[in-house]
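Take a look at the letters that make up each chain.
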Amino acid sequence: MDRKDWTRIGTAAVVLLVPGGFALGAVLAARRFRAARTEKGAGPSGSEDDLDEGREDRA
């Protein structure tokens, strides 16, 4: 294969795989962070209903 072909293959791989890698990394980091918080016993501060009480619906 030509060097030009390998450059195109590499560029396509970066364009297609890097955004997916960032998304996968973010999901895995969030899961690990959440698991670490749960192990420490610092669970969620309140339910979603508690968070909605302070909001006002504006139309």
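About the cut-offs
- Residues numbered from 1 in each chain as written.
- Predicted model: local features only at pLDDT ≥ 70, side-chain atom pairs only at ≥ 80, totals over all residues.
- Heavy atoms only, no water.
- Helix = DSSP H or I, 4+ residues; strand = E, 2+ residues; numbered from the N terminus.
- Buried < 20%, exposed > 50% of the residue type's maximum accessible area, 1.4 Å probe, protein only.
- Areas by Shrake-Rupley, 256 points an atom, 1.4 Å probe, with all protein chains shown as cover.
- Expected span 1.5 Å × (residues − 1).
- Bend = angle between axes of the 7 residues up to and from the residue.
- Patch = residues over 30% accessible without salt bridge, like charges linked within 9 Å, V, L, I, M, F, W, Y side chains within 5 Å.
- Salt bridge = Lys/Arg side-chain N within 4 Å of Asp/Glu carboxyl O.

Caption draft 1: The arrangement of the overall build of the protein chain in detail. The helix and strand tally for the protein chain stands at two helices and zero strands. A buried classification covers 0% of the 59 residues belonging to the protein chain. Total accessible area computed for the protein chain in this model is approximately 5900 Å², and 57% of it derives from carbon and sulfur atoms.

Caption draft 2: Quick peek at helix H1 (residues 3-40). Relative to the 56 Å expected for 38 residues at 1.5 Å per residue, H1 spans 53 Å between its end C-alpha atoms, a close match to the ideal helical length. The sharpest bend along H1 reaches about 30 degrees and sits at Leu-17, with the proline Pro-19 one to four residues further on. Positive phi appears at Gly-41, one or two residues downstream of H1, with a value of about 90 degrees.

Caption draft 3: Quick look at a nonpolar patch on the surface. On the surface, Met-1, Trp-6 and Ile-9 cluster together into a nonpolar patch covering about 390 Å² of accessible area. Summarising the element assignment, Trp-6 is placed in helix H1.

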